[in-house]
Protein chains: 2
Amino acid sequence: MSANISIFDTTLRDGTQGEGISLSADDKLKIALKLDALGVHYIEGGNPGSNSKDIEFFQRVKSLGLNARITAFGSTRRKNSLAEQDASLLRIVESGVPAATLVGKAWDFHVHTALQTSLEENLAMIFDSFAFLKRNGMEAMYDAEHFFDGYKHNPEYALAALRKAQDAGADWLVLCDTNGGTLPSEIHEIVSRVRSELTASIGIHTHNDCELAVANTLSAVQAGARQVQGTINGYGERCGNANLCSIIPNLQIKMGYNCLPDEKLRTLTSTARYVSEIANVHMPVGQAYVGNAAFAHKGGIHVSAIMKDSKTYEHIQPELVGNKQRILVSELAGQSNIISKAHELGLDVNSNNEKTKQIIDQIKELEHQGYQFEGADASLELLLREAFTDMKEIFTVESFKMHMEKSNGVMISEAIVKINVDGQQVYTAAEGNGPVNALDNALRKALVQFYPKIEQIHLSDYKVRVIDEKDATAAKVRVLVESTGLDNTWSTVGVSSNVIEASWEALLGSIRYALLSMDKVNNGSPDITERLGLINH
Amino acid sequence: MSANISIFDTTLRDGTQGEGISLSADDKLKIALKLDALGVHYIEGGNPGSNSKDIEFFQRVKSLGLNARITAFGSTRRKNSLAEQDASLLRIVESGVPAATLVGKAWDFHVHTALQTSLEENLAMIFDSFAFLKRNGMEAMYDAEHFFDGYKHNPEYALAALRKAQDAGADWLVLCDTNGGTLPSEIHEIVSRVRSELTASIGIHTHNDCELAVANTLSAVQAGARQVQGTINGYGERCGNANLCSIIPNLQIKMGYNCLPDEKLRTLTSTARYVSEIANVHMPVGQAYVGNAAFAHKGGIHVSAIMKDSKTYEHIQPELVGNKQRILVSELAGQSNIISKAHELGLDVNSNNEKTKQIIDQIKELEHQGYQFEGADASLELLLREAFTDMKEIFTVESFKMHMEKSNGVMISEAIVKINVDGQQVYTAAEGNGPVNALDNALRKALVQFYPKIEQIHLSDYKVRVIDEKDATAAKVRVLVESTGLDNTWSTVGVSSNVIEASWEALLGSIRYALLSMDKVNNGSPDITERLGLINH
């Protein structure tokens, strides 16, 4: 009985307007495959009239046989010209996609200021352009730019723009909060008015400039919108577009709308992480639903309640969106966190066990020294596996050296490592653009002959924190290293009064963790591969 | 005529539940000073019953003479006991703060499952605890935990919990969406019901698990809540708390409520960035209102429209929140900051001056490279003094070298520096317990014969931040060094792809600044010492 909502993904078009986001045609095709697997209904590929990368995408995407409709983006025809002769509109038709979205002005101020034409000519531009798309047999969507700002200044003109598109046969009227400045209560009121005045289906396209894009989208759906435009992880210009990774579960789990089949919704977290990898953008740990900390618990009281019943501090079951509960082990927490972490890893541990007490004491001692495992799951896992399983040491370090020199403005960093892999000594050196990079390069160089897959992982974050600030450079530092391989991410920690030594420790942990997972993959232990899902596809 | 909203900041308490966030007592005091300057009404400092760090904070914060009310956090008394004998409640009263917030259950499920007591005893716990605070003359706020979930399951019990607190004299009933799973429309309905049933003032405390914390807060205010609890940058457990940096401008600029004086609102961006520096958490460029990309324009069409009229693609004037427009071409935003900074230093600078334009270009170029002067006043001052005064170079560096070696578990760090002081070459070496410490030791050793007072200063903080996380160890890092001595504290910055080189640059800046102020102090310029005096203890 609940309504269906069409999910329109514009990660490949509006998402690429985000600062620092640049996608190749290959990247776009990979993301399109992943979006199709997620089950979105529309994938906006780009603007075939704007650049060769997008033209390549539209050519190659046809052979992928996707279920999602691929849509092209463009503008209404130029002023004082014919749609049939508009190069950009012709390119859209030539691209062979079944559907297109055209942006057109709906705010009188913009018609005057940005477009510098008359209000009548803008209406004609809208009508002609949609009539042209429909004559060419396409599904046509009108992105009514600045619709809400326009409505607030001149409601009749904003509605007239929609009506022109509807009269020309547009299938969807997509109301855009282009500047992201509208409030949920305003959205609800204005969408309700649109519903009462027009018959075409309504879509919603919001931006996050007030941190309200998700709420605004929900508000529009409650008022009758049936298409939702957004991007994975909310990528987009300025503060980003509406984040589909929050909107979809809100609509489906909280509000009872149908967006995706339930089993596809379970791939939401891996989709979000995959896209962040391809886009090469660091994903905030606290991102709603799909973030690494979205279901992470730190406080001891919270953890002991979670052990009794997870709904005490979780608003949904994390598995519904493919995420998982994490218990953070921190100074605030006690034994219950560690035991539940061990259970999560499938280790047979209980609180009465002597070994359990030992490992808890060991972790407390390490925390006292400045280690922090709440941000370093992989280091904690290595500790627990060492204590409770017969984990073999894949390699051992004999020594490392580091030389740096700055003279006449030129800086040189060189690392020399001596390690032992299965009884074989490897002694090698590498340069880097800094000491940690040099060490990382040297260590990989030493290991890659034994573990070629090591090339598929890379360090994705590096953080340094002074623990006891009173002694400043003589104080201890904690280094957190985050590594990433395909759609998995893990973190390790190192502590020392020497920033290089702490980095080295975290680096070693990261590589050991990766090798351990590869090893497990090779030995075919399916639950671990699944959980780590490391280099497995 | 518009309503006043009390801003309750819990960055120092609930914010520290965020993954990877750990604040020392010094960090907390610095943030409290900044929050007070922003003009928030309440600063929740922590839980005086939980740890020594918070006890230290409450002791030391008294001497800062803040305008904001400092509040302590705790729970309602333990079950089956007396409030007068509850160690945690006694600690709150002893801490000497004028106001306290107690969390207490409002969801029957939690009373049974987590608290494991009867519904009646929970109500008695609430009543006794608030009566105790009021007998001790404190302003008392009830954080009604899981209020919305509780209301949805058993509205009468949730309301009864509020009523007990009100009957005991609680000044504020703060409705908490502890699990962050509630929708704005539900919030509005439930807060309206509470307003109709109770007379005490209502507060709202939301979490961001559905990416709706800001919208939920606005919704509660629209339904009558008059206190807003949240954190700077939305720090907090799991997906974070409600983000005050978005809530305050939404309430004040968009909705017409009074939160802060307009001139204080203009410090919002610098506050957000300062707190992210102290917390050592990377700030997303796209953060609403205060992010570096919040008013950045990339698309060519957008930029040309912006040049005609900035409201074409900006929902507010960025200056209202102390942010600025950024366009890919160089612009003059920020000039006024630099000029006012120069005036603060007593330098004769005006915007028409050719030299002023040069220094602005230089600072912009440095910021583009990753420098950030907001947390490094001393580096900015050095730049300005170099440009506008005849500052002599006290010493110059010819070269430095660094050797490190770890073998058989023993780590050695050695630095060699060659510097020039007043035409005299000093070539010396020192060891340290890490590379930065070794460099620091070598540099001091070279200078102490010329400037014996250098022994009175020491590095008090050292922070490293990866600027471009995409390349991990090959990425650039920014090092912030804080130095203390001669009753002053100052910060300097260094940037490089090499953590040691960046540290060296910040270290040099710190020492140069110290030598310069010694010089000035000797010349009897008291205002510098005074201006720098951050936390004098």
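Because the structure is predicted, anything quoted here is derived from the model rather than measured.

Caption draft 1: Layout of the side chain of Thr113(B). One can find Thr113(B) in helix 4 (residues 108–115). What makes Thr113(B) buried here is its relative accessible area of 17%. The residues touching Thr113(B), leaving out its near neighbours within four places in the chain, are Lys308(A), Asp309(A) and Thr312(A).

Caption draft 2: Broad picture of the confidence of the model for chain A. Residue and element names in this part refer to chain A. For chain A, per-residue confidence averages 87 on the pLDDT scale, and 91% of positions sit at 70 or higher. Low confidence marks residues 520–537, where pLDDT is under 50. Its contacts with residues over four positions away, or in another chain, come to 31 contacts. Among the prediction metrics, the complex's ipTM stands at 0.75, with pTM recorded as 0.76.

Caption draft 3: The arrangement of the packing of aromatic side chains in detail. The full count for this structure, using the stated rule, is 16 aromatic pairs over all chains. Look at Phe400(B) and Trp504(B): their rings are 4.7 Å apart centre to centre, the planes differ by 45°, and that puts the pair in the tilted class. Within this pair, whereas Phe400(B) is found in strand 11 (residues 395–407), its partner Trp504(B) is found in helix 18 (residues 499–522), the two being separated by 104 residues in sequence. Under the relative-accessibility criterion, Phe400(B) is labelled buried at 1%. You can call Trp504(B) buried: its relative accessible area is 4%. Among the aromatic side chains, those forming a connected cluster through ring pairs are Phe147(A), Phe148(A) and Tyr151(A). If you follow Lys28(B) out to its NZ or CZ, it ends over the ring of Phe57(B), 6.0 Å from the centre. Over the ring of Tyr427(B) we find Lys418(B), and its NZ or CZ is 4.9 Å from the ring centre.

Caption draft 4: A look at helix 3 (residues 87–94) of chain B. The N-capping residue of helix 3 of chain B, defined by a side-chain oxygen 3.1 Å from the backbone nitrogen of Ser88(B), is Asp86(B). In the stretch just after helix 3 of chain B, Gly96(B) is the one whose phi turns positive, near 80°.

Caption draft 5: A look at the sheet that holds strand 5 (residues 139–145) of chain B. Residues and elements named next belong to chain B. With parallel pairing, the 8 strands of this closed barrel are ordered in space as 1-2-3-4-5-6-7-8. Adjacent strand axes in the sheet meet at a mean angle of 25° when their direction is disregarded. Pairing of strand 2 (residues 42–46) with strand 3 (residues 69–75) involves 4 bridges; the strand directions are parallel. When the bridges of strand 3 are listed, Ile43 appears paired with Ile70. Packed onto the sheet, helix 1 (residues 25–38) meets strand 1 (6–9) and strand 2 and runs at close to 175° relative to strand 2. Together, strand 6 (172–177), strand 7 (201–206) and strand 8 (227–230) form the strand contacts of helix 9 (residues 213–222), whose direction differs from that of strand 7 by roughly 170°.

Caption draft 6: Region of interest: the nonpolar core. Judged by nonpolar contacts, the single largest core of 199 residues is most densely connected at Phe147(A) and Phe147(B). With near-sequence residues (within four places) excluded, Phe147(A) lies in contact with Ala106(A), Ala158(A), Leu159(A), Leu162(A), Leu175(A), Cys176(A), Ile190(A) and Val194(A). One finds Met404(A), Ile454(A), Val479(A) and Ile511(A) within the second-largest nonpolar core, a separate group that totals 88 residues.

Caption draft 7: Structural context of the state of the cysteines. Counted according to the given criterion, the structure contains 0 disulfides over all chains. With no disulfide of its own, Cys176(A) lies 16 Å from the sulfur of Cys210(A), the closest cysteine sulfur. Here Cys259(B) stays free of any disulfide, with the sulfur of Cys245(B) as its closest cysteine sulfur at 12 Å. Judged by its relative accessible area of 6%, Cys259(B) is buried.

Caption draft 8: Structural context of the pattern of salt bridges. Residue and element names in this part refer to chain A. Across all of its chains, the model carries 48 salt bridges over all chains by this definition. For the salt bridge of Arg13 with Asp14, the shortest nitrogen-to-oxygen distance reads 3.2 Å. Classification of Arg13 by relative accessible area gives buried; the value is 13%. Linking Lys28 and Asp54 is a salt bridge whose minimum nitrogen-to-oxygen distance equals 2.7 Å. With a gap of 26 residues between them, Lys28 in helix 1 (residues 25–38) and Asp54 in helix 2 (residues 52–61) connect regions that are remote in the sequence. Here Asp54 falls in the buried class, since its relative accessible area comes to 6%. Put simply, Glu156, Arg163, Arg193 and Glu197 are held in one network by salt bridges that share partners.

Caption draft 9: Molecular detail of the environment of Ala200(A). All names here are of chain A. Checked against the element boundaries, Ala200 lands in the loop between helix 8 (184–197) and strand 7 (201–206). Ala200 sits in the buried class, given a relative accessible area of 10%. As a C-alpha pair, Ala200 and Asp108 span 92 residues in sequence and 22 Å in three-dimensional space. Once you skip the residues sitting within four places of it in the chain, Ala200 turns out to touch Gln166, Ala170, Asp171, Leu173 and Arg195.

Caption draft 10: Local environment of the sheet that holds strand 12 (residues 410–421) of chain A. In space, the 6 strands of this open sheet follow the order 13(A)-12(A)-11(A)-11(B)-12(B)-13(B), with antiparallel pairing throughout. With one partner strand each, in any of the chains shown, strand 13 (424–432) of chain A together with strand 13 (424–432) of chain B form the two edges of the open sheet. Within the sheet, the average angular offset between the axes of one strand and its neighbour, ignoring direction, is 10°. Here 12 bridges tie strand 11 (residues 395–407) of chain A to strand 12 of chain A, and the two strands are oriented antiparallel to one another. Considered in strand 12 of chain A, the bridge of Phe395(A) is made with Val421(A).

Caption draft 11: Up close: the interface of chain B and chain A. On the chain A side, the residues contacting the 102 residues of chain B number 105 residues. With both chains or domains summed, chain B and chain A bury close to 8,600 Å², and 52% of this area falls on carbon and sulfur atoms. On inspection of chain B and its partner chain A, the count reaches 3 salt bridges. Between Lys406(B) and Glu501(A) there is a salt bridge whose closest N-O contact spans 2.7 Å. Here chain B and chain A share 33 residue pairs in polar contact (both at pLDDT 80 or more) between them. At 10 residues, strand 11 of chain B tops the list of elements feeding residues into the side of chain B that touches chain A. Residue classes in the side of chain B that touches chain A are distributed as 36 nonpolar, 41 polar and 25 charged. Two elements, strand 11 of chain A and strand 11 of chain B, share 9 bridges in a ladder whose sense is antiparallel. Looking at the pairing, Lys406(A) lines up with Phe400(B) of strand 11 of chain B.

Caption draft 12: Spotlight on the domain arrangement of chain A. Residue and element names in this part refer to chain A. Looking at the assigned domains, one finds that chain A contains domain 1 (6–260), domain 2 (296–370) and domain 3 (396–532). Opposite the 5 residues of domain 2 that make contact, domain 3 presents 5 residues. Note on domain 2 versus domain 3: buried area summed over both sides is about 400 Å², and carbon and sulfur give 44% of it. Taken as a group, Leu345, Gln369 and Gly370 account for 79% of the area that domain 2 buries against domain 3, more than any other trio of residues on that side. Here domain 2 and domain 3 share 0 salt bridges between them.

Caption draft 13: Up close: unusual backbone geometry. Residues and elements named next belong to chain A. For Asn233, which is not glycine, the phi dihedral falls at a positive 65°. Relative to the helices and strands, Asn233 is located in the loop between strand 8 (227–230) and helix 10 (244–254). With phi around 50°, Asn408 is a residue other than glycine that occupies positive phi space. On the basis of relative accessible area, Asn408 is assigned to the exposed category, the value being 73%.

Caption draft 14: The arrangement of the pairing of strand 5 of chain B in detail. Residues and elements named next belong to chain B. For strand 5, the tally of buried residues reaches 7 of 7 residues, placing the bulk of the element in the interior. Burial along strand 5 is two-sided: Glu139, Met141, Asp143 and Glu145 facing one way and Ala140, Tyr142 and Ala144 facing the other are all buried. Bridging between strand 4 (residues 99–105) and strand 5 involves 7 bridges; their strand directions are parallel. Each residue of the ladder has a partner; that of Leu102, found in strand 5, is Tyr142.

Caption draft 15: Region of interest: the environment of Gly485(B). Residue and element names in this part refer to chain B. Topologically, Gly485 is positioned in strand 15 (residues 477–485). In this structure, the C-alpha to C-alpha distance between Gly485 and Ser246, residues 239 residues apart in sequence, is 38 Å. Look past the residues within four positions of Gly485 in its chain and what remains in contact with it is Gln456, Ile457 and Trp490.

Caption draft 16: How the structure looks around the UniProt feature "domain: Pyruvate carboxyltransferase" (unreviewed entry) in chain A. According to UniProt, the positions carrying the feature "domain: Pyruvate carboxyltransferase" (unreviewed entry) are residues 5–266 of chain A. Between the end C-alpha atoms of residues 5–266 of chain A there is a gap of 18 Å, over a span that is 44% helix and 18% strand.

Caption draft 17: Molecular detail of the packing of helix 8 (residues 184–197) of chain B against helix 9 of chain B. Residues and elements named next belong to chain B. As a packed pair, helix 8 and helix 9 sit with axes 8 Å apart at the nearest point and diverge in direction by 30°. Accordingly, the angle class assigned to the pair helix 8 and helix 9 is roughly parallel. Every pair of crossing elements has a handedness; the one defined by helix 8 and helix 9 is right-handed. Contacts between helix 8 and helix 9 involve Pro184, Ile187, His188 and Val191 from the former and Ala215, Asn216, Ser219, Ala220 and Gln222 from the latter. Looking at the contact of helix 8 with helix 9, its residues break down into 5 nonpolar, 4 polar and no charged.

Criteria and thresholds
- Residues numbered from 1 in each chain as written.
- Chains lettered and ligands numbered in written order.
- Predicted model: local features only at pLDDT ≥ 70, side-chain atom pairs only at ≥ 80, totals over all residues.
- Heavy atoms only, no water.
- Helix = DSSP H or I, 4+ residues; strand = E, 2+ residues; numbered from the N terminus.
- Buried < 20%, exposed > 50% of the residue type's maximum accessible area, 1.4 Å probe, protein only.
- Contact = heavy atoms within 4.5 Å.
- pLDDT = per-residue confidence, 0-100.
- Phe/Tyr/Trp six-rings, centres within 6.5 Å; stacked < 30°, edge-to-face > 60°.
- Lys NZ or Arg CZ within 6 Å of the ring centre and 35° of its normal.
- Polar contact = N/O pair within 3.5 Å; in protein donor to acceptor, adjacent residues only side chain to side chain.
- Pairing = 2+ DSSP bridges.
- Axes fitted to C-alpha atoms, helices over the stretch in contact; angles between N-to-C directions.
- Core = buried A, V, L, I, M, F, W, Y, C linked by side-chain atoms within 4.5 Å.
- Disulfide = S-S within 2.5 Å.
- Salt bridge = Lys/Arg side-chain N within 4 Å of Asp/Glu carboxyl O.
- Buried area = accessible area lost by both parts, 1.4 Å probe.
- Nonpolar A, V, L, I, M, F, W, Y, C, P; charged D, E, K, R; others polar.
- Domains from an automatic or database assignment.
- UniProt positions renumbered as here; feature names shortened; annotations may be inferred.
- Parallel < 35°, antiparallel > 145°, perpendicular 65-115°, else oblique.
- Left-handed = near helix turned anticlockwise from the far one by under 90°.

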